[in-house]
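Chain residues, written in single-letter form:
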Amino acid sequence: MNFDLSKGGISKFEEALSEYFDRKALLTPSGRVGLKLILKAYGIRKRDKVLLSSFNASSVVKVVEEVATPVFIEVDERTMNVVPKDIEREEGKALIVLHTEGNPCYMKKIKKIAEEKGFLLVEDCAHALGSSIHGKKTGTFGDAAILSFGMGKMINTAGGGAVLVEDESVGKKIRKELRRYPKPSLFNTFFKYLKNNAFHVMSKRTVFSTFVGPFLRFGDILSLLFEDRGIKPMLMHDLQGNAGVLQLERLEGKIEARRRKARKIMKGLEEFFPKYIGKPNFHNLCFFSGDKEPFRKHMLSYGIDVQKTWLKGYSDTARKLSESVCYLPIHEGVNEEDVKKMKEAIQDYTGNLG
Ligand SMILES: Cc1ncc(COP(=O)(O)O)c(C=O)c1O
C-alpha cells in the first residue's frame, strides 16, 4: 500500500473496478457488509433459503444466518467448489457461489441452473479477483458479486470490499444503504494501515526467520494478532481507494507471477493439489496435506511458513478439506530459490506419505 492522501480515491477506485469488470462497482466497508447489502437489496428475508458452499468462511455463514436461512451445498473434493448437481436438487431464493481460493466454479452450468430455478445468483469473489473461466472474469456471471480487500487478498487496502451489480437500480438501493455507514477518520485508517504494514515487515525473509518463524512452532500467533474482532464496519477512506487503484493496475502482473510459481510447484505432484479449472488467480496455492499440523511443522523445519486453511467445513467432504488444506506461500516475497526449496520440502513430505 502506498501512502496517497489525495482526494477522490474512493470514486477513482470505484471507476477503475467498474471499468475492469464492465459492471457497476460500489465500495463497501467489507465483503461481508457487501453480501448483506446485496441480499437485502434483493428483498431476501429470514425465512428465505439461501444456498451456499459447505466449504466456506465462517464470516459469510454468519451473514447468511443473520439475513436468511442457510442451506449448505456439498463441494467437490478436487475443485473445492459446489457440485452443480447438488444445486439442482435444492429449492431456495438465492445461491451464493464461492470461487474457492480463486478456483473458478463451472459458471456456465451454474448460471443455467440458477436461471431455471429462479435463484438470485451471487458470486463470492473474495478470493477470485482476476480469475476467469469460459474467457470471462469471475464476478461477471451472476446478478451480483462481492470482493474483499482485507489482508491476504489479491488487493489489500487494509480492509474494505466492493459489490458488483448488473442491475443499476439495485446499485442505487445499495448506494443509499451505504450512506448509513460512518466515514473513517484518518487516524483510524492510519492505524489499520500500520497493522497491515507490520504484517508485511514480519513476513520479510530475515525478520521472519529470526523473530517470527521460531515462535510459530508454539502456535499460530499471527492470526491471533491480526484477526479483526468486533471492529465496527466503516466506509473506506480515500487513502485506501488510492491504494486500490494502484494495486488494480498491477494485478495482472502479480497474478502471472503467481501462476508461474504455482505451475512449477505442482508439476509432478498434481494429486496433492486441487483440480484447478479456467484461469485461477492462485489467491492461495492449496495443498492437500491430509493433516494440516504435521505438514505445517514439516514445512517450518525448512523455514517455510505454510498457513492452515481458515475455511470451515459444513458437510462431510468440506470438513475433510478443512482438516487437510494448507496454503503454500507464492506471494511477491517468494523467489525462485524459495520455490525450489518448497518443492523439495513437499517431495520429501509426500514421499514419506507414499
Ligand atoms: C470466501 C470469503 N468470502 C467473504 C469474505 C468476507 O470478506 P471481508 O473480510 O472483506 O468481510 C471472506 C473473508 O476472508 C472470505 O474468505
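Let us look at the structure shown here. Quick caveat: nothing in here was measured; it's all calculated off a predicted structure. (Residues numbered from 1 in each chain as written. Predicted model: local features only at pLDDT ≥ 70, side-chain atom pairs only at ≥ 80, totals over all residues. Heavy atoms only, no water.)

1. Some details on the packing of aromatic side chains
Under the definition given, this model contains nine aromatic pairs. Summarising the aromatic geometry, the rings of F287 and F295 are spaced 4.4 Å apart at their centres and angled 20° between planes, so their arrangement reads as stacked. An angle of 65° between the planes, with centres 4.9 Å apart, marks the rings of F295 and Y349 as edge-to-face. One end of the pair, F295, is in helix α12 (residues 292–301); the other, Y349, is in helix α14 (residues 336–353), and 54 residues separate them in sequence. Like F295, the residue Y349 is buried in the burial classification. (Phe/Tyr/Trp six-rings, centres within 6.5 Å; stacked < 30°, edge-to-face > 60°. Helix = DSSP H or I, 4+ residues; strand = E, 2+ residues; numbered from the N terminus. Buried < 20%, exposed > 50% of the residue type's maximum accessible area, 1.4 Å probe, protein only.)

2. Overview of the pairing of strand β1 (residues 24–28)
Burial within β1 is extensive, with four of its five residues counted as buried. As paired elements, β1 and strand β10 (residues 161–165) share five bridges and run antiparallel to each other. If you follow K24 over to β10, its bridge partner there is V165. (Pairing = 2+ DSSP bridges.)

3. Some thoughts on unusual backbone geometry
Backbone phi values are negative for most residues with the exception of glycine, while trans is the configuration of most peptide bonds. Unusually for a residue other than glycine, D22 sits at a positive phi of about 55°. Relative to the helices and strands, D22 is located in the loop between α1 (9–21) and β1. Backbone geometry places M80, a non-glycine residue, at a positive phi of 70°. Assessed through its relative accessible area of 0%, M80 is described here as buried.

4. Some thoughts on the site of the ligand
What surrounds the ligand is the set S30, G31, R32, A57, V60, L98, D124, A126, H127, S148, K153 and G160. Between an oxygen atom of the ligand and a side-chain N or O atom of K153, the distance comes to 2.8 Å. Protein chains shield 90% of the accessible area of the ligand, which is 380 Å² for the free molecule. For the shell around the ligand, the residue count by class is four nonpolar, five polar and three charged. (Near = heavy atom within 4 Å. Polar contact = N/O pair within 3.5 Å; in protein donor to acceptor, adjacent residues only side chain to side chain. Areas by Shrake-Rupley, 256 points an atom, 1.4 Å probe, with all protein chains shown as cover. Nonpolar A, V, L, I, M, F, W, Y, C, P; charged D, E, K, R; others polar.)

5. Let's talk about the nonpolar core
Ranked by internal contacts, the top residues of the largest apolar core, which has 33 residues, are I265, F273, L285, F295, M299, L328 and I346. Elements with a contribution of two residues or more to this core: α11 (251–266), β11 (285–288), α12, α13 (316–324), β14 (325–328) and α14. If you tally residues by element for this core, the top one is α14, at five residues. Split by domain, this core shows at least three residues from each of two domains, domain 1 (9–178) and domain 2 (192–230 + 251–353). Filtering out sequence-adjacent residues up to four positions away, M299 remains in contact with I304, V306, L328, M342, A345 and I346. (Core = buried A, V, L, I, M, F, W, Y, C linked by side-chain atoms within 4.5 Å. Domains from an automatic or database assignment. Contact = heavy atoms within 4.5 Å.)

6. Comments concerning the packing of α1 against helix α10 (residues 238–249)
Two measures define how a pair of helices packs: the angle their axes make with one another and the distance between the axes. Running from N to C, α1 and α10 cross one another at 30°; their axes reach a closest spacing of 7 Å. Considering their axes alone, α1 and α10 lie roughly parallel with respect to each other. For the crossing formed where α1 meets α10, the hand is left-handed. Along its contact with α1, which presents G9, I10, K12, F13, A16, L17 and Y20, the element α10 presents D238, G241, N242, G244, V245 and L248. When its residues are assigned to classes, the contact of α1 with α10 shows seven nonpolar, four polar and two charged. (Axes fitted to C-alpha atoms, helices over the stretch in contact; angles between N-to-C directions. Parallel < 35°, antiparallel > 145°, perpendicular 65-115°, else oblique. Left-handed = near helix turned anticlockwise from the far one by under 90°.)

7. Re the environment of K112
With respect to the helices and strands, the residue K112 is situated in helix α5 (residues 107–117). Exposure remark for K112: the relative accessible area of 53% places this residue in the exposed category. In the structure, K112 is positioned 28 residues away from P84 in sequence and 10.0 Å away in space, judged by C-alpha atoms.

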